[in-house]
Amino acid sequence: MGVGGKTGLGRITPWLAGLALAAGLVPAQAQQAQLTLAFRPPQIDTVAICVSPPSDDETVARWTDWDGRVLPDRSMPDIRRDIRRLLELDGPRWADTADRAIALLQARDPAFVGEPALRLKIVRLEAAGAFDALTDSGLVAELDALGPALSPQGRRILSNLVRDGIGIARDTARADSLLTAAAYAGDPEAILALATRQLAGEDLPGWAVPVELAITTAFGTLVGELNPGICDRIRRIAQIYEFGGIVAPDKALAHDWYRFAADLGDGRAAWKVSEFHLRAEGFEKSNDLLLSYLQKAVDAGLPYARTALADILERGALLPQDLDRARALHESTGTQDARRGLVQLALFLDRHEDRWLDARAARLDATSRLATMPDAPGWAFTRLAEAALEDHGRWGGRQIALTLLQDAVDRGDLDGHVLMADLLLAEAPTLRDLDRAGDLLTRVADERGGSRPMSRLHAAHACRAPNAPTAQTARFWQAGADAIGTEDLNLSSDRLATITPDAAPRQYARLQSEALEGNGDGLARWQWLLRNDPGLPADVRAYWAARTDETDAQLVARARLDLSLAPTEAEREAILDTLRARYRVAGPDFAKVLTRDLFEGIAGLGHARALDETTRADIADLFRASASRGYGNPLRLLPQIDPTGGGAEQVYATYRAVIEANGDFAAQLFAASVSEDPHRQQALARAAGLMPCTYRSAMDLVALTRTLDLPDRTAHWLRVAEALLGDNTVEMVHFARAQLNRGGPGSLSKAISFFTEAGARGDPIANRELFRLVLSPNTPIYDIDRAVAMIQTARTEGKHGTLAGYLSGFRAAHTDTQALISARLDLAAIYRETAESGDPVAMRVHGLTLRDQAQTEGDLEAAVTWLRSAAEAGDTIAMSEYGEALAFGLGVAMDRAAALPWLERAAGTGNSKAQDLTRLLRLSAGSPNL
């Protein structure tokens, strides 16, 4: 396709007809909305003659800092183009800058007179919306006065002003005449404007060019001469084909025109070519072209192209992964396109912080520079607040973080809302703090949804408010969280075995969803189902088998579940060994995901097997490293696992500074238990703010305040704990026992009511405790008839576990009470039936009863047989009793070697009698006498 010079339309009509044929014109009716027109780029040898204009960010940055006295060191045409672009971006903002620049241009640029100056002044007032000022300025009249000397572009601009009556009398006929004259004079935008009206069906007197030819002419004129301005004109054609309007959209043609401009040196067009291939819309994608033109855009200095290439290098898909080069590209973008570049650099460094030693510092530097910008994103302030808490501790950095988070909140960052709410509630919140935190979290719930902000609102009203629990409000937010249904199912290990697709399809699906979302507890339960559900399809098993990565939290969740199901001590120790190994690898922050019970197991305390000296020293080192970060659970265990480090007071003195700067909930409990006022009051306030809003945490505070003799606070936390009970029968029983221990008015009746409720829900321990109270003469529910009825009901219904608990309570009752019940029941038969059911407790109770009543050696042997059966079934008291029988030859041949393992197992569960006997046997090893 040839490209002619700048000649009048009337003189080149025959040439335009030929051009139309070369363009592959598809004829269409004048009234159709769009033409299907294949106007293709010319087939010529290209040379890079275009210079890419600066990016908008570069232009804005250059003129933002301009002093208004001396024009920037740029060519006059470039300055005029900058001013026009600034006015397009934000006319009112840049109006004063444009006025000052125009004045200086008139003083310095001899070419900036007459029509060019008038046009730019008019553009400035139009962009600012100052139409009255434009009317009063006389600029339109001056432009009109140029008459025949007006350029085609000037005639088109004057046509628009005359049509709208701005600064000159409205006259649509004259406006059409001016527009037609501009079109015949070769102004492509005027030609396209007339063609658009033709397609809409308007009758245009004075315009006789067919619409197809008009559009082709406009495109041909836009191509024009091969000069540095050609790329801007070509890009206009590409945009028309990309978005459609006067012609039907044609992505392939748009791509080809952008590519033509890119081959002429237009970096922005090169970016568009690569962007087309990234999206692959409307034509076949080519990765080679994508990378080739993306590199051209990068070479042209386009920041968004640098970002795109950095993303490709980071992913390692189209090119081999090269994180160092990707970082360099992001860093260069940050200096060239400040806001976008700093955003991408900060996020990139956050994703790869473990690759470079300076990555965190570089990330925070980029984020800090971003935060100084007027349009800084809210998340930048949230990230800086998080860094302040990391560097100075949750308490040491709290005020710095709150100041930063106010900016995050003002800019609408929802993560900032959540963090600010947490910090407001973290230490002795006032009702004002509660209201502010509630507003923040309510906005998050409204805009983002999900159960987490609702759960936080529940916690605020159930636990953290000064007047907590405010039950009605707490229930409202908990109901919202429950309705969304994204919280953990909180299934007990014995309930898990009943979850099948047929028996519990919704819960089964929830477990799978939680596993897919990475929820630690949900994933652990789903993995258990994978191991124990033979009906799962092979492809499901293969999918999950391929997911080998396991986060620390997921590993710990799996370990907790496995420990609850482990049948033997050896299996429990293997699980704890796995946790110890992960702790060594993960480092001190592994403490964040461990529960108090797991810490005890790792340390060889509680039910775990005692550690050897080397392992205990190793674990002590791990605990000290975690304690130095402010984790309280390892902190409080240090005196037990490493007695050489001193008692609790000495440990507190060693770690006091880190507790005050960064101590977590457990650390604050520890500090409050050993410190003096005012540190104790501060620790109590912080513990209240940090506590997980759970029954167990509330009871931790009950125990602490009771030890510190703070009855008002104890009563407060008992109210909170009661509000958190829900329908968990284990917690009901625990709370009832706490009420019994507390004593005082109403405690006994409250304990009885919770034992009764838990018992009605089928909790055997609750029924046993209630039975003990029924057998206690000093309680208001002492009732022999009721006790007998409870035993008979459990026996009739075959509830052998419950019956075993009643028999245990019976053995502990006063002898007079025992006599009254024995007179009404055949207890020997009941003992035997219950033991024969296989219940370990029943077997142990039956064995002890037989032993107490034994009159012959045979009776004693029968008793020991039952104790052994109970021990083998896992009853720890029976283990101690059977171990004692073996050690002393009571009803069985004396065998100290066989006795020791049973006593050690019982001792490991905290059985004091077994612990004493174990020590005695070890001391007497090798001696013929005890």
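All residue numbers refer to position in the chain's written sequence, counted from 1. Reporting of local features is limited, given that this is a predicted model, to residues whose pLDDT is at least 70; pairs of side-chain atoms are given and counted only at 80 or more, and all residues count toward the totals for whole chains, interfaces and linings. Here the side-chain values reflect all heavy atoms present in the structure, with hydrogen atoms and water set aside.

## Focus: the overall build of the protein chain
The line we're drawing: For helices the rule is a DSSP run of H or I covering at least 4 residues; for strands it is a run of E covering at least 2, with both sets numbered from the N terminus onward. When checking whether two residues touch, look at their non-hydrogen atoms; a contact exists if any pair is within 4.5 Å.
Along the backbone of the protein chain there are 50 helices and 0 strands. In the protein chain, once contacts between residues fewer than 6 apart in sequence are set aside, the share between residues at least 24 apart is 55%.

## Quick word on a positive patch on the surface
Inclusion rule: In this analysis, a patch consists of residues with relative accessible area above 30% that form no salt bridge, clustered at 9 Å for like charges and at 5 Å for the nonpolar side chains Val, Leu, Ile, Met, Phe, Trp and Tyr. Surface exposure here means Shrake-Rupley accessible area, sampled with a 1.4 Å probe, where a residue is shielded only by the protein chains that are shown. A pair is scored as a salt bridge if a Lys or Arg side-chain nitrogen falls within 4 Å of a carboxyl oxygen belonging to Asp or Glu. Think of it this way: Lys and Arg go in the positive column, Asp and Glu in the negative one, and His and the chain ends go nowhere. By convention, the charge on Lys lies at NZ, on Arg at CZ, on Asp at CG and on Glu at CD.
A surface patch of positive charge is lined by R706, R713, R719 and R742. For R742, the location among the structural elements is in helix α39 (residues 729-742).

## Quick look at the side chain of H417
Selection criterion: Pairing of N or O atoms within 3.5 Å defines a polar contact, subject to two protein rules: one partner must be a possible hydrogen donor and the other a possible acceptor, and residues neighboring in sequence count only if both atoms are side-chain atoms.
Structurally, H417 can be placed in helix α21 (residues 414-424). Among the polar contacts listed, one links the side chain of H417 to the side chain of R443, at a separation of 3.2 Å. Those residues in contact with H417, other than ones at most four positions away along the chain, are V409, G412, L440, R443 and V444.

## As for the packing of aromatic side chains
Short version of the rule: Two aromatic rings from Phe, Tyr or Trp, using only the six-membered ring of Trp, form a pair when their centres are within 6.5 Å; if the ring planes differ by under 30 degrees the pair is stacked, by over 60 it is edge-to-face, and anything between is tilted. We call a residue buried when its accessible area falls under 20% of the maximum for its residue type, exposed when it is over 50%, and partly exposed in between, using a 1.4 Å probe and counting protein chains only.
Within the structure shown, the criterion is met by 17 aromatic pairs. Ring geometry for Y184 and W207: centres 4.9 Å apart, planes at 55°, overall tilted. One end of the pair, Y184, is in helix α8 (residues 172-184); the other, W207, is in the loop between α9 (188-199) and α10 (211-223), and 23 residues separate them in sequence. In this structure Y184 comes out as partly exposed when scored by relative accessible area, which is 30%. Among the residues examined, W207 registers a relative accessible area of 7% and is labelled buried.

## Brief notes about the environment of A183
With respect to the element layout, A183 can be found in helix α8. The buried category is assigned to A183, whose relative accessible area is 0%. As for A183 and R155, which are separated by 28 residues in sequence, their C-alpha atoms are 9.2 Å apart.

## Here's the deal with helix α38 (residues 711-723)
As a reminder of what qualifies: Here, expected helix span is obtained from the residue count minus one, scaled by 1.5 Å.
The first and last C-alpha atoms of α38 sit 18 Å apart over 13 residues, in line with the 18 Å expected at 1.5 Å per residue. Buried within α38 are the following residues: T714, A715, H716, W717, L718, V720 and A721. Those residues of α38 that are buried lie in contact with α23 (452-464), α36 (679-690), α37 (695-707) and α39.

## Description of the confidence of the model for the protein chain
Selection rule: Confidence scores labelled pLDDT are given residue by residue by the predictor and lie between 0 and 100.
In the predicted model, the protein chain carries a mean pLDDT of 84, and the fraction of residues at 70 or more is 89%. When pLDDT is averaged over each element of the protein chain, helix α20 (residues 398-410) comes out on top at 95 and helix α1 (residues 13-22) at the bottom at 33. Counting contacts from residues 1-32, a segment whose pLDDT is below 50, to residues more than four positions away or on other chains yields 48 contacts.

## Concerning the packing of α38 against α39
For clarity, the threshold we go by: All axes here are fitted lines through C-alpha atoms, helices being fitted over the stretch that makes contact, and every angle between N-to-C directions spans 0 to 180 degrees. An angle counts as roughly parallel when it lies under 35 degrees, as roughly antiparallel when it exceeds 145, as roughly perpendicular when it falls between 65 and 115, and as oblique in every other case. Crossing handedness: left-handed means the near helix sits turned counterclockwise from the far one by under a right angle, and right-handed means the same turn made clockwise. Any residue that is not Ala, Val, Leu, Ile, Met, Phe, Trp, Tyr, Cys, Pro, Asp, Glu, Lys or Arg is counted as polar, Gly included; the first ten are nonpolar and the last four charged.
Closest axis-to-axis distance for the α38/α39 pair is 11 Å, and the angle between their directions is 160°. Put simply, α38 runs roughly antiparallel to α39. Of the two elements, α38 crosses α39, and the hand of that crossing is left-handed. Contacts between α38 and α39 involve A715, L718, A721 and E722 from the former and F735, Q739 and R742 from the latter. Counted by class, the contact of α38 with α39 contains 4 nonpolar, 1 polar and 2 charged residues.

## Some words on the state of the cysteines
Our working rule: By convention in this document, the label disulfide applies to cysteine sulfur atom pairs within 2.5 Å.
Tallied over the entire structure, the rule returns 2 disulfides. In this model C50 forms its disulfide with C231; the gap between the sulfur atoms is 1.9 Å. Where C50 bonds to C231 through sulfur, the torsion about that S-S bond is close to 85°, and the disulfide is right-handed. With C50 in the loop between α1 and α2 (56-64) and C231 in helix α11 (residues 230-243), this residue pair connects regions lying 181 residues apart in the sequence. For the pair C50 and C231, one class covers both residues: buried. The side chain of C463 participates in a disulfide bridge whose partner is C693; the two sulfur atoms lie 1.9 Å from each other.

## Observations regarding the nonpolar core
We apply this condition: Definition used in this section: a nonpolar core is a set of buried Ala, Val, Leu, Ile, Met, Phe, Trp, Tyr and Cys residues joined via side-chain atoms within 4.5 Å.
Counting 131 residues, the largest nonpolar core has Y583, F623, I659 and I821 as its most contacted members. Of all hydrophobic cores here, the second largest spans 76 residues; its members include L213, L302, A310 and V343.

## Re the packing of helix α48 (residues 876-888) against helix α49 (residues 896-908)
Put simply, α48 and α49 touch, their axes get as near as 8 Å, and they point 155° apart. Here α49 runs roughly antiparallel to α48, going by the angle between their axes. Crossing angle aside, the handedness with which α48 passes α49 is left-handed. In this structure, α48 uses T876, M879, S880, Y882, G883, E884, L886 and A887 to contact α49, whose residues at the interface are R896, A898, A899, W902, L903, R905 and A906. Classifying every residue of the contact of α48 with α49 gives 9 nonpolar, 3 polar and 3 charged.

## Some words on a nonpolar patch on the surface
A contiguous nonpolar patch, built from F888, L890 and L920 and spanning about 230 Å² of accessible area, is present on the exposed surface. Mapped onto the elements, L920 comes out in helix α50 (residues 912-923). A residue is classified by how much of its surface remains accessible, and L920, at 34% relative accessible area, is partly exposed.

## Concerning empty space enclosed by the protein
We count it as follows: Of the grid points, spaced at 1 Å and generated over the protein atoms alone, those admitting a 1.4 Å probe that cannot get out make up cavities, while open sets with protein on both sides within 12 Å along at least five of seven lines make up pockets; any residue with an atom within 4 Å of a point is treated as lining. Grid points are joined across faces, edges and corners, and a volume is the space filled by probe spheres set on the points.
This structure, assessed with the given rule, holds 2 cavities of 30 Å³ or more. The set of elements that each furnish at least two residues to the lining of the largest cavity consists of α34 (648-662), α35 (665-674) and α36. In terms of residue class, the lining of the largest cavity is made up of 4 nonpolar, 3 polar and 1 charged. Approximately 40 Å³ is the volume attributed to the second largest cavity. Considering the residues around the second largest cavity, the lining is formed by R851, L860, V864, L867, E881, E884, A885 and L890. When residues of the lining of the second largest cavity are traced back to their parent elements, those giving at least two are α47 (857-872) and α48. Considering only residue class, the lining of the second largest cavity consists of 5 nonpolar, no polar and 3 charged.

## Some thoughts on the side chain of R124
With respect to the secondary-structure elements, R124 resides in helix α4 (residues 114-127). Not counting residues up to four positions away in its chain, the partners in contact with R124 are L87, A95, A98, D99 and I102.

## Concerning the pattern of salt bridges
Across all of its chains, the model carries 63 salt bridges by this definition. Of the charged contacts, one joins D176 and R197 as a salt bridge, the two residues approaching to 3.0 Å between their closest N and O atoms. Of this pair, D176 sits in helix α8 while R197 sits in helix α9, and the two are 21 residues apart along the sequence. A residue is classified by how much of its surface remains accessible, and D176, at 22% relative accessible area, is partly exposed. With a relative accessible area of 16%, R197 lands in the buried category. A cluster of three or more residues bridged by salt bridges with shared partners is formed by D78, R81, D232, R235, D266 and R268.

## As for unusual backbone geometry
Look at the link from A468 to P469: it is a cis peptide, with omega at 0°. Position of P469 among the secondary structure elements: in the loop between α23 and α24 (471-484). P678 follows D677 through a cis peptide bond whose omega is 5°. Relative to the helices and strands, P678 resides in the loop between α35 and α36. Residue A428 is not a glycine yet carries a positive backbone phi of 45°. With respect to the helices and strands, the residue A428 is situated in the loop between α21 and α22 (431-447). Owing to a relative accessible area of 48%, A428 belongs among the partly exposed residues under this scheme. Positive phi, close to 60°, is recorded for D709, a residue that is not glycine. Following the sequence through the fold, D709 ends up in the loop between α37 and α38. Overall, D709 belongs to the exposed group, its relative accessible area being 60%.

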